[in-house]
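Survey of secondary and tertiary structure
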Amino acid sequence: MGKSTMCGLRFLLVLCILTQGSNLHLASAQLFPALVCIGDSLADVGVNNNVESVVRANFLPYGRDFINGNQRGPTGRFSNGKILPDFLAENFGLPFPLPYNNPAATGAAIVQGINTASAGSGWLDGTNILLGVIPASQQVQWVKKWQQSLVTQVGASRATTIVQESPYVINIGDNDILAYFQSAELQKQYTEEQYRKLVIDSAVSNIKDLYSGGARKFVVLSVSARGCTPGQITRYQPTKRNQCVGKIQTFVQTYNTEYKAATQSLQSTLPGSKLFIADIFSITADLFLNPSKYGFREDTSRACCGTGTFETGPFCSSLSIGTCQNATNYLFFDAEHYTMKALGIIVGTFVEDLKSSLLTQSP
Ligand SMILES: *[C@@H]1O[C@H](CO)[C@@H](O)[C@H](O)[C@H]1NC(C)=O
């Protein structure tokens, strides 16, 4: 990365601390005009609250450690507190983007970004569609509507700057893979290789569509170590709780390699675009396999909520028996979703590289 960028960053930080003056809290400098996020439950901040879907988390114990200004408690985030896009927003010096379909998401409230992530969704329109989730293709259309609404809000010129300079965080794909393993129909219809190609082709066409709307800075998260969640372990190997589900891990690793190659190759054909790939596979596997390194309890295959073996979404509620008192030392909050502490660690592994990469001047 260029020296000038580094100076620019330091300079901004100094400015920020100076202007914050008396109420000295260490907010980051604002690095981008806005933050846009498309994704699934790892990034859903409440989109599913406002659609006909049971894949929701807008009730306790979800959100019990969530604080954002005056807002406290459950919001729809699948964790005890902040989730991935929240940590990114903090690092970028931006407010947490509102869910796109939230009634409050209009006017000035969306100039600094929007989040269309819908729990349960995937790249493929068919993934969990019976659960009423919003697939990636529709999320992309929402993002384009947001881009258009900016013009009304701030004028064409400023809107173009916001659209082009802001990162588009893309955190989706886990559900497509889980859907394949759960469906004899899909397995009959496609070989593993064919199915990965189907998903990745959809990813490429959706990212192209975002680019056609003006997006230039893409942050693509790989699929996580999905074979190492309490829920998948319960489903596929309930008696081997300290191991990740091999067939899922293997599939995900190959998928991630192909996904990375396809998005990099796409990026090279899109003039003026930047791509940062956040590969969270290794860190999420390591958190599961070596929890003590990070201050987590040893039995990582037990989540905080309920019995910690299968509860997620509607099955993780205030009625769940056995929910832990304090999620601090847990890797997972429910059977498929990390605790706030774990998500902070995950974001911490790539956020500095992400910032340098996206802030470097184009050659
Ligand atoms: C959870 O435990 C941590 C570490 O012991 C402590 O700092 C925190 O205040 C506790 N949180 C709650 C909600 O009790």
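Residues numbered from 1 in each chain as written. Predicted model: local features only at pLDDT ≥ 70, side-chain atom pairs only at ≥ 80, totals over all residues. Heavy atoms only, no water.

Along the backbone of the protein there are 12 helices and eight strands. For the protein, the spread of C-alpha atoms along the three principal axes comes to 55 × 50 × 40 Å. By residue count, 55% of the 363 residues in the protein fall in the buried class. Restricting to contacts in the protein with at least 6 residues of sequence separation, those with at least 24 account for 71%. Element-wise, carbon and sulfur atoms account for 55% of the exposed surface of the protein, whose accessible area totals about 15500 Å². Seen as two clouds, the 28 positive and the 25 negative side-chain charges of the protein have centres 4 Å apart. (Helix = DSSP H or I, 4+ residues; strand = E, 2+ residues; numbered from the N terminus. Buried < 20%, exposed > 50% of the residue type's maximum accessible area, 1.4 Å probe, protein only. Contact = heavy atoms within 4.5 Å. Areas by Shrake-Rupley, 256 points an atom, 1.4 Å probe, with all protein chains shown as cover. Lys, Arg positive; Asp, Glu negative; His and termini not counted. Charge placed at Lys NZ, Arg CZ, Asp CG, Glu CD.)

Counting 93 residues, the largest nonpolar core has Leu-88, Trp-123, Ile-170 and Phe-350 as the members making the most contacts within it. The leading source of residues in this core is helix H7 (residues 192–212), at eight residues. Ignoring sequence-local partners within four residues, the contact set of Phe-350 consists of Leu-88, Leu-221, Phe-276, Ala-278 and Ile-280. Grouped together as the second largest cluster of nonpolar side chains are 13 residues, Cys-305, Cys-316, Cys-324 and Phe-333 included. (Core = buried A, V, L, I, M, F, W, Y, C linked by side-chain atoms within 4.5 Å.)

On to the confidence of the model for the protein. When pLDDT is averaged across the protein, the result is 93; 91% of the residues are at 70 or more. Here residues 1–25 scores under 50 on pLDDT; set against residues more than four positions off or in separate chains, the count is 20 contacts. (pLDDT = per-residue confidence, 0-100.)

A word on the sheet that holds strand E4 (residues 98–99). Within the open sheet, the six strands sit side by side as E4-E5-E1-E6-E7-E8. Their pairing is parallel. Sheet topology places E4 and strand E8 (274–278) at the edges, where each strand pairs with a single neighbour. Relative to E8, strand E7 (residues 217–221) is paired through five bridges, and the arrangement is parallel. In the strand pairing of E8, Phe-218 is matched with Leu-275. Together, strand E1 (35–39), strand E5 (113–115), strand E6 (167–171) and E7 form the strand contacts of helix H2 (residues 84–92), whose direction differs from that of E1 by roughly 165°. (Pairing = 2+ DSSP bridges. Axes fitted to C-alpha atoms, helices over the stretch in contact; angles between N-to-C directions.)

Okay, helix H10 (residues 281–289) next. Taken across its nine residues, H10 has seven buried, putting it largely inside the fold. Within H10 the residues assigned to the buried category are Phe-281, Ile-283, Thr-284, Ala-285, Asp-286, Leu-287 and Phe-288. Buried residues belonging to H10 abut helix H8 (230–236), helix H9 (246–267) and helix H11 (340–348).

Take the pattern of salt bridges next. Here the structure, examined in full by the defined rule, presents 11 salt bridges. Residue Lys-144 pairs with Asp-209 through a salt bridge whose shortest N-O separation is 2.5 Å. Here Asp-209 lies in helix H7 and Lys-144 lies in helix H3 (residues 136–154), a separation of 65 residues in the sequence. On the basis of relative accessible area, Lys-144 is assigned to the buried category, the value being 18%. Among the ionic pairs, Asp-174 bridges to Arg-226, the shortest N-O distance being 2.9 Å. With Asp-174 in helix H5 (residues 174–182) and Arg-226 in the loop between E7 and H8, the pair connects residues that are 52 residues apart, well separated along the chain. The residues Asp-174 and Arg-226 share a single accessibility class, namely buried. (Salt bridge = Lys/Arg side-chain N within 4 Å of Asp/Glu carboxyl O.)

Bringing the packing of aromatic side chains into the picture now. Scanning all chains against the criterion turns up 15 aromatic pairs. Centre to centre, the rings of Tyr-190 and Tyr-195 are 6.1 Å apart; their planes meet at 55°, and the pair counts as tilted. Its relative accessible area of 1% is what places Tyr-195 among the buried residues. Its end group placed over the ring of Phe-251, Arg-196 keeps NZ or CZ at 5.2 Å from the ring centre. The ring of Phe-296 has Lys-341 lying over it, and the distance from NZ or CZ to the ring centre is 4.6 Å. (Phe/Tyr/Trp six-rings, centres within 6.5 Å; stacked < 30°, edge-to-face > 60°. Lys NZ or Arg CZ within 6 Å of the ring centre and 35° of its normal.)

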